[in-house]
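# Geometric and topological summary
The chain contents come next:
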Amino acid sequence: MTEPTAALDRLWRDATGREKVGVLARTPPAEATGDDRLSLLFACCHPSLPEPAQVALTLNAVSGLPAEQIAAAYLVPAATMAQRLVRAKRQLRRSGVRFDLPPAEEYAARLRSVLAVVYLGGGA
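Residues numbered from 1 in each chain as written. Predicted model: local features only at pLDDT ≥ 70, side-chain atom pairs only at ≥ 80, totals over all residues. Heavy atoms only, no water.

## Some words on the overall build of the protein
Here is the rule we go by: Put simply, DSSP marks the helices as runs of H or I at least four residues long and the strands as runs of E at least two long, and each gets a number from the N terminus on. Residue exposure (1.4 Å probe, protein chains only): buried if accessible area is under 20% of the type maximum, exposed if over 50%, otherwise partly exposed. A contact between two residues is defined here by any heavy atoms of the two lying within 4.5 Å.
For the protein, the count of helices and strands is 6 helices and 0 strands. The order of α-helices and β-strands along the protein, N terminus first, is α-α-α-α-α-α. Counting the 124 residues in the protein, one finds 28% classified as buried. The contacts of the protein with a sequence gap of at least 6 include a subset with a gap of at least 24, amounting to 67%.

## What to know about helix H3 (residues 51-61)
Within H3, 8 of the 11 residues are buried, leaving the element largely enclosed by the surrounding structure. Those residues of H3 not exposed but buried are Ala53, Gln54, Val55, Ala56, Leu57, Thr58, Leu59 and Asn60. Where H3 is buried, its residues touch helix H2 (37-44), helix H4 (67-74), helix H5 (78-95) and helix H6 (107-121).

## Some points on the packing of aromatic side chains
Basically, it comes down to this: Two rings belonging to Phe, Tyr or Trp (six-membered ring only in the last case) form a pair when the distance between their centres is within 6.5 Å. Interplanar angles under 30 degrees mark stacking, angles over 60 mark edge-to-face geometry, and anything in between is tilted. Working rule: Lys NZ or Arg CZ, within 6 Å of ring centre, within 35 degrees of ring normal, means a charge sits over the ring.
Taken as a whole, this structure holds 1 aromatic pair when the rule is applied. Ring plane angle 35° and centroid distance 5.1 Å describe the contact between Phe42 and Tyr107, whose orientation is recorded as tilted. With Phe42 in helix H2 and Tyr107 in helix H6, this pair connects stretches of sequence that are 65 residues apart. Residue Phe42 is classed as buried on the basis of its relative accessible area of 7%. For Tyr107, a relative accessible area of 5% translates into the label buried. The lysine or arginine in question, Arg84, covers the ring of Tyr74, its NZ or CZ lying 5.6 Å from the ring centre.

## Points about the pattern of salt bridges
A side chain with one charge may pair with a side chain of the opposite charge, provided their charged atoms come close. In plain terms, the rule: Within this document, salt bridges are pairs made up of a side-chain nitrogen of Lys or Arg and a carboxyl oxygen of Asp or Glu, the two lying within 4 Å of each other.
The full count for this structure, using the stated rule, is 3 salt bridges. Of the charged contacts in the structure, one is a salt bridge between Arg112 and Glu51, with a shortest N-O distance of 3.3 Å. Placement of Arg112 in helix H6 and of Glu51 in helix H3 is noted, with a sequence separation of 61 residues between them. Classification of Arg112 by relative accessible area gives exposed; the value is 63%. In this structure, Glu106 and Arg110 form a salt bridge, with 2.7 Å as the shortest nitrogen-oxygen distance.

## Considerations on a positive patch on the surface
Cut-off, in case you're wondering: Residues form patches when they are more than 30% accessible in relative terms and have no salt bridge. Like charges link within 9 Å. Nonpolar side chains (Val, Leu, Ile, Met, Phe, Trp, Tyr) link within 5 Å. All accessibility values rest on the Shrake-Rupley procedure with a 1.4 Å probe; residue burial counts only the protein chains present in the view. When charges are counted, Lys and Arg contribute as positive and Asp and Glu as negative, whereas His and the chain ends are disregarded. Where a charge lies is defined by one atom per residue type, namely NZ (Lys), CZ (Arg), CG (Asp) and CD (Glu).
Taken together, the side chains of Arg87, Lys89, Arg90, Arg93 and Arg94 define a basic patch exposed on the protein surface. Relative to the helices and strands, Arg90 is located in helix H5.

## A closer look at the nonpolar core
Under the convention used in this document: Put simply, buried Ala, Val, Leu, Ile, Met, Phe, Trp, Tyr and Cys residues joined by side-chain atoms within 4.5 Å make one nonpolar core.
If you look at the biggest cluster of nonpolar residues, it comprises 24 residues, and the most contacted ones within it are Leu49, Leu57, Met81, Leu85 and Val117. Contributing elements (two or more residues each) for this core: H2, H3, H4, H5 and H6. Sorting elements by how many residues they give to this core places H3 first, with 5 residues.

Encoded structure:
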């Protein structure tokens, strides 16, 4: 394959991927499945938290990864990550965040962090 063709293919794949993510962000689930992990993913990825805290909290709360493993991924001491998790939980509690699916208009704001968690957590 020639380089210009490969570049065009890459651009096409990227555009198609962005389009699919956009559709996902605008489409609420058809019906409840009884599996609360999706609700937890979106609740933990609340936009009131910085993105690193969203991802770390979700990896801990939904995927069950201990603070030590998350700290290793972030290249920070375990105590630092443990404190980051405590602060994130406290902030969500103070904000009154509920652990259900957010309204559809909030999906797009949270989707990047949710996808990061799915990628890092092996599907949560």
